[in-house]
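Examination of the molecular architecture
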Amino acid sequence: EREITMSWQSYVDDHLIGTGHVVQGAICGVDGAIWAASAGFNVSPEEVQKIVAGFEDPSGLQAGGIYLCGEKHMFIRSDDRFVAGKKDSNGIFAWKANTCVVIGTHGENIQGNNCNTCVGNLADYLMNSGM
């Protein structure tokens, strides 16, 4: 089981954080289980479950915002695979694959589109790999 954890961690480290376009990131199961996360990115299973529910029905996120690591972000937009939120000059993007969700954040020194593309590309890759 440890090898699996390490390989998920390398996806976060290399394909999200390592690009320079993502400040913090995580890969989580659609059940909310945290598979891997960058250092200090303490997203909770409950927060992930609310994001997952928002892919199907965004009304809860629209009304209450998107919470990550206990911080509230304003809901921006979503569809059945994608959720975006913002807090000040920081943004959050979550993309759904089949069995997992890839989450990434950016700060004021990173273009939101670059972060979004990074997170979405990893989710697409995982989805195309059956994940």
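The paragraphs below set out a description of the structure included in this document.

What counts and how
- Each chain has its residues counted from 1, running along the sequence as written.
- In view of the model being predicted, local features appear only for residues whose pLDDT reaches at least 70, and side-chain atom pairs are presented and counted only at 80 or more, with totals across whole chains, interfaces and linings using the full set of residues.
- Water and hydrogen atoms were dropped before computing side-chain values, which therefore reflect all heavy atoms in the structure.
- In this scheme Phe, Tyr and Trp rings, the latter by its six-membered ring, pair at centre separations within 6.5 Å, and the angle between planes marks the pair as stacked below 30 degrees, edge-to-face above 60, and tilted otherwise.
- Think of it this way: any DSSP run of H or I at least four residues long counts as a helix, any run of E at least two long counts as a strand, and we number them from the N terminus.
- Buried, partly exposed and exposed residues are distinguished by accessible area as a fraction of the type maximum, computed with a 1.4 Å probe on protein chains only: under 20%, between the cut-offs, and over 50%, respectively.

Moving on to the packing of aromatic side chains. Considering all chains together, one arrives at 5 aromatic pairs under this definition. On the basis of an interplanar angle of 40 degrees and a centroid distance of 5.6 Å, the ring pair of Trp8 and Tyr11 is categorised as tilted. Here Tyr11 and Trp8 lie together in helix α1 (residues 2-16), a separation of 3 residues that amounts to about one turn. Plain terms: the ring middles of Tyr11 and Tyr125 are 6.2 Å apart, the flat faces sit at 45 degrees to each other, and that makes the pair tilted. Placement of the pair is Tyr11 in helix α1 and Tyr125 in helix α4 (residues 112-128), with a sequence separation of 114 residues. Look at Tyr125 and you get partly exposed, because its relative accessible area is 46%. Grouping aromatic residues by their ring pairs yields a cluster made of Trp8, Tyr11, Trp35 and Tyr125.

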